[in-house]
Structures are given as structure tokens and as C-alpha cells.
Amino acid sequence: MKDAPPEEAELHARVVASFAQQAVMATIGASLRSVMPGAVEIELPYRADLGQQDGFLHAGIVTTIVDSACGYAAYTLMPEGARVLSVEFKVNFLAPAVGDTFIARGKVARAGRTITVCTGEVVALSKDGERAIALMQATMMAVVM
């Protein structure tokens, strides 16, 4: 995050710190790819042990990474000290999850004081390029503790 304005550097650090506490991301091998105000990308290399019976990445894993991408996108616009929780989401699967790497992109559609609506997309990367495999619409809630 070289030459970033101080507030963006602080935001990035906040998201990185929170992401590091999310054990499920470490368990599945996911990592933050990019963090910007209102937008986050999470990367996941394909692993056979995360697949379903036909070798595709399991729908639950696809949902997990895009839920987190949307949640962290919302989190980037929340006040310091807030926590983020999913209120609801819907996922449409567009194609089998076949690829070498998966990128979940979360983006804020509308941020409110308590409720934020996000959109998410998961793409599969392979030698053939990038292919969209899932879309999400999610509602996130800011929880101040």
C-alpha cells in the first residue's frame, strides 16, 4: 500500500487485522487480494480437498469467499470499532466452479449507518482466462460493540 493516503493505509490495516482473525479463511487457504474503500477481493487457489464429488470447488466454499468479500467491502465503509455481520444473502451459481484460482469480488452498492447492501462475484481463473461462476447480493449489518 505504497504512497496511499493515511486514511486508506489505516483502513487497509484494519481489514488485514480482522481478516487474520477469521480462522475459516486460513483453514481454506484464502487471502486478501485487494482492499479499497467499498471494494474487497479475496483469492483462493483450487484445492481438491475443498471440492465436491465431481471435483468442482464446493458451492459452500464459493459462498464462503464471496460472503467474506462482501462483508469486508461493507466493513471498509463502517466506522472504526464496528463489526460486520451478514444479515442475508442470495447466490446464483452460473457455471461449475472449475479453475486454478478463484477470485471473490465484493462491492458496496449502498452503504447506510446500520445496513449496507453489497454485490459479489466469483470468477474462476484458468489457462483459458477468467470465467464468472457465481453472483451474490448481500445485506450486511454494522454492529457497534
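In short, a report on the structure. Just so we're clear, the structure is a prediction, and the values are computed from it rather than from any experiment.

What counts and how
- Residues numbered from 1 in each chain as written.
- Predicted model: local features only at pLDDT ≥ 70, side-chain atom pairs only at ≥ 80, totals over all residues.
- Heavy atoms only, no water.
- Pairing = 2+ DSSP bridges.
- Helix = DSSP H or I, 4+ residues; strand = E, 2+ residues; numbered from the N terminus.
- Axes fitted to C-alpha atoms, helices over the stretch in contact; angles between N-to-C directions.
- Salt bridge = Lys/Arg side-chain N within 4 Å of Asp/Glu carboxyl O.
- Buried < 20%, exposed > 50% of the residue type's maximum accessible area, 1.4 Å probe, protein only.
- 1 Å grid on protein atoms, 1.4 Å probe; cavity = no way out; pocket = protein on both sides within 12 Å on 5 of 7 lines; lining within 4 Å.
- Points joined across faces, edges and corners; volume = space filled by probe spheres on them.
- Nonpolar A, V, L, I, M, F, W, Y, C, P; charged D, E, K, R; others polar.
- Phe/Tyr/Trp six-rings, centres within 6.5 Å; stacked < 30°, edge-to-face > 60°.
- Lys NZ or Arg CZ within 6 Å of the ring centre and 35° of its normal.

## Topic: the sheet that holds strand β6 (residues 129-144)
- Taken in spatial order, the six strands line up as β1-β2-β4-β5-β6-β3 in an open sheet, and their pairing is antiparallel. The two strands at the open ends of the sheet, each matched to only one other strand, are β1 (31-36) and β3 (82-93). Taken over all neighbouring pairs, the strand axes of this sheet differ in orientation by 25° on average, direction set aside.

## Describing the pattern of salt bridges
- All told, the structure shown has six salt bridges when counted by the stated rule.
- For Arg-33, the salt bridge is made with Glu-43, and the minimal N-O distance between the two is 3.8 Å. Linking Arg-33 in strand β1 with Glu-43 in strand β2 (residues 39-45), this pair joins segments that are 10 residues apart in sequence.
- Owing to a relative accessible area of 42%, Arg-33 belongs among the partly exposed residues under this scheme.
- As a salt-bridge pair, Arg-105 and Glu-121 come within 3.6 Å of each other at their nearest N and O atoms. One end of the pair, Arg-105, is in strand β4 (residues 101-111); the other, Glu-121, is in strand β5 (residues 115-126), and 16 residues separate them in sequence.

## Structural notes on the layout of surface pockets
- In this model, the largest pocket occupies a volume close to 320 Å³.
- Lining of the largest pocket is provided by 15 residues; of these, Ser-18, Gln-22, Tyr-72, Arg-83 and Val-84 occupy positions nearest its centre.
- Elements that contribute at least two residues to the lining of the largest pocket include exactly α1 (6-20), α3 (59-75) and β3.
- A per-element tally of the lining of the largest pocket places α3 first, with five residues.
- Taken together, the residues of the lining of the largest pocket sort by class into six nonpolar, six polar and three charged.

## Describing the packing of aromatic side chains
- For the structure shown, the criterion picks out two aromatic pairs.
- Arranged with centres 5.9 Å apart and planes meeting at 55°, the rings of Phe-19 and Tyr-72 form a pair that is tilted. Note that Phe-19 is positioned in helix α1 and Tyr-72 in helix α3, a separation of 53 residues in sequence.
- Using a relative accessible area of 4% as the deciding quantity, one classes Tyr-72 as buried.
- Seen from their ring centres, Tyr-72 and Tyr-75 are 5.9 Å apart, and the 85° between their planes marks the pair as edge-to-face. With Tyr-72 and Tyr-75 both in helix α3, this residue pair falls three residues apart, about one helical turn.
- A relative accessible area of 5% means that Tyr-75 is categorised as buried.
- Aromatic ring contacts, followed pair by pair, group Phe-19, Tyr-72 and Tyr-75 into a single cluster.
- In this structure, Arg-14 packs its charged tip against the face of Tyr-75, placed 4.9 Å from the ring centre.

On their own, these measurements won't tell you what the molecule is for.
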